[in-house]
Amino acid sequence: MTEFRLKNCTVLVAIMTLALVFLAYPGFAKDKIVLKMGLVESANLADAPATQGATVFKHIVESKAGDRVEIQLFPGGQLGWERELIEGLRMGTVEMAITSDGPVGGFFEPILILGIPYLFRNSLVAWEVLDGPFGNDLMEALRKKTGIRCLAITENGFRNFTNNKRPIRTPADMKGLKIRTMENPIHMAIVRSLGAAPTPISFGELYSSLQQGIVDGQENPVGVIHMIKAYEVQKYLIMDGHVYNPAFLWINDKVFQKLDPDLKQLFWEAAQVATFVERSGAKLLEATKLQTMKDKGMEIYVPSDEGLAAFRKMSQPVVIEEVKKMVKGDWVDRLFQAIDTAEKQLAQQKR
Ligand code: EAX
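Here goes a summary of the coordinates provided. (Residues numbered from 1 in each chain as written. Predicted model: local features only at pLDDT ≥ 70, side-chain atom pairs only at ≥ 80, totals over all residues. Heavy atoms only, no water.)

Turning to the pattern of salt bridges, a few remarks are in order. Throughout the structure, instances matching the rule amount to 18 salt bridges. In this structure, K58 and E62 form a salt bridge, with 3.0 Å as the shortest nitrogen-oxygen distance. Linking K58 with E62, this pair stays in helix α3 (residues 49-65), spanning four residues, or about one helical turn. For E62, a relative accessible area of 22% translates into the label partly exposed. (Salt bridge = Lys/Arg side-chain N within 4 Å of Asp/Glu carboxyl O. Helix = DSSP H or I, 4+ residues; strand = E, 2+ residues; numbered from the N terminus. Buried < 20%, exposed > 50% of the residue type's maximum accessible area, 1.4 Å probe, protein only.)

Below, the structure written as structure tokens:
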């Protein structure tokens, strides 16, 4: 009996000593910061650049500060689709997310300017503009308006039209087609300007809306078209690249402001590396999945520069007018200035 009490006592003392050691150790003094990150892309890394970027972000942050921070990833819309994620980020119920600009214009109109069609000649121009002062100013204005901070602008790729009715070669072929867009009034305006009829549908319902014939077509970058297996329900793809589609690595600003300064820096640095990964992922998918989709029976058309010019001519001026109606201030002019500066800088590269 005494021996039993003694044993119990020893166990108790051991537990208390351990508890004291843990409490005294700085890493345990504070609660670990656990942040949930919502993603709409698939959990399958091979198919989903945003999930790739998020995975690298998580790895870098946790490998440097894993005793202080945990980043939990929720791919496949588990925390909601893009509109819900943006709402959650504003309210603080979602701490982090990666979304495209799809529904963001509902919360911050100036972002709609990125929907101007046939805007960036190629990705280099887009990166130069978005990574530079213009992109920073736009994201800073967004933070002030919404309470959401952008850690980095990454990308989904250039968006292209697919449909199940007929091959698109010229703008005239678009006439009357019902096209799913993101919940973005400017993307809807692009579709209208080309003579087709837009229907905004969330990413979660995209596949079923195509399958059930609610719409004839949709538009997305190659990687996303492949990721959702659109080739099962869409026959024709035109690589028109009408819109450059950024993807933003978001964090609720209050959550960010509460981080220690070294963690703020770490989050920012990790986000920059994640951007490389996500952009590369989108590019690699475009380079490899077109063939996969051809093999699955899709007809793919790559328009010439002159062919694209016809799309631009029909669409861009009309859509710029729409954007100017919706976006106050000089954002559109500043965007075109930034593109001009970027083009000049790129032309000077001699290496
Ligand atoms: O960011 O909804 C879409 O078509 C987007 O490309 C998707 O949300 C991935």
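The next thing to look at is the site of the ligand. Around the ligand, the neighbouring residues are V40, E82, S100, N156, R159, R180, M182, F203, N220 and N245. At 3.0 Å, a side-chain N or O of N156 approaches an oxygen atom of the ligand. Within the side chain of N220, a nitrogen or oxygen atom sits 2.6 Å from an oxygen atom of the ligand. When isolated, the ligand has an accessible area of 270 Å², and the protein chains bury 97% of it. Along the lines of polarity and charge, the residues of the shell around the ligand split into three nonpolar, four polar and three charged. (Near = heavy atom within 4 Å. Polar contact = N/O pair within 3.5 Å; in protein donor to acceptor, adjacent residues only side chain to side chain. Areas by Shrake-Rupley, 256 points an atom, 1.4 Å probe, with all protein chains shown as cover. Nonpolar A, V, L, I, M, F, W, Y, C, P; charged D, E, K, R; others polar.)

Ranked by internal contacts, the top residues of the largest apolar core, which has 77 residues, are I113, F120, V129, M139, W250 and L335. Sequence-distant contacts of W250, that is, excluding residues within four places in its chain, are made with I86, L89, E95, M96, A97, T99, V104, M139, L142, I148, R149 and C150. Ranked by size, the runner-up nonpolar core spans 27 residues in total, among them L39, I60, V61 and V255. (Core = buried A, V, L, I, M, F, W, Y, C linked by side-chain atoms within 4.5 Å. Contact = heavy atoms within 4.5 Å.)

What follows concerns unusual backbone geometry. Look at Y118: it is not a glycine, yet its phi comes out positive at around 50°. Mapped onto the fold, Y118 is located in the loop between β3 (96-100) and α5 (123-131). Phi angles above zero are rare outside glycine, and K229 is one such case at about 55°. Structurally, K229 can be placed in the loop between α9 (222-227) and β8 (236-252).

Turning to helix α11 (residues 261-295), a few remarks are in order. Helix length check: α11, at 35 residues, gives a terminal C-alpha distance of 51 Å against a target of 51 Å (1.5 Å per residue), a fit within 8%. T288 marks the point of greatest bend in α11, at about 35°. G297 sits one or two positions beyond α11 and adopts a positive phi of about 105°. (Expected span 1.5 Å × (residues − 1). Bend = angle between axes of the 7 residues up to and from the residue.)

Looking at the secondary structure, you find V191 in helix α7 (residues 185-193). With relative accessibility at 1%, the residue V191 sits in the buried group. Once the C-alpha coordinates of V191 and M174 are considered, the two residues, 17 residues apart in sequence, prove to be 8.4 Å apart. If we ignore the near neighbours within four places in the chain, the residues touching V191 are F161, I179, T181, A196, A197 and P198.

This part covers the packing of helix α6 (residues 133-146) against helix α13 (residues 331-347). At a minimum axis distance of 10 Å, the contact between α6 and α13 shows a crossing angle of 155°. In terms of axis orientation, α6 runs roughly antiparallel to α13. Residues F134, D137, L138 and A141 of α6 lie in contact with α13, whose contacting residues are W331, R334, L335 and A338. Classifying every residue of the contact of α6 with α13 gives six nonpolar, no polar and two charged. (Axes fitted to C-alpha atoms, helices over the stretch in contact; angles between N-to-C directions. Parallel < 35°, antiparallel > 145°, perpendicular 65-115°, else oblique.)

One ladder, built from four bridges, connects strand β5 (residues 178-181) with strand β6 (residues 197-200); its direction is parallel. By the bridge assignment for β6, I179 is matched with P198. Where the polypeptide runs from β5 across α7 and back to β6, its parallel neighbour, the crossover connection is right-handed. (Pairing = 2+ DSSP bridges. Right-handed = clockwise from strand over helix to strand, strands pointing away.)

Packing of α7 against helix α12 (residues 305-326) leaves a shortest axis separation of 9 Å and a crossing angle of 145°. You can see that α7 and α12 cross each other, and the crossing is right-handed. For the pair formed by α7 and α12, the contact residues are P185, I186, A189, I190 and S193 on the first element and M314, S315, V318, V319, E322, V323 and M326 on the second. Within the contact of α7 with α12, the residues separate by chemical class into nine nonpolar, two polar and one charged. (Left-handed = near helix turned anticlockwise from the far one by under 90°.)

Further remarks concern helix α4 (residues 82-91). Burial in α4 covers these residues: E82, L85, I86, G88 and L89. All buried residues of α4 lie within an arc of 160° about the axis, which places them on one face of the element. Among the structural elements, β1 (33-39), β3, β4 (148-163) and β8 are those in contact with the buried residues of α4. With its phi angle positive at about 90°, G92 sits one or two positions after the end of α4. (Arc of directions from axis to C-beta.)

With that out of the way, let us pick up the environment of F158. Inspection of the secondary structure assignment puts F158 in strand β4. According to the relative accessible area criterion, F158 is buried, its value standing at 15%. Non-local contacts of F158, meaning those with residues more than four positions away in its chain, are made with F120, N122, S123, N220, P221, V222, G241, V243 and Y244.

Taken by themselves, the reported measurements are silent on function.
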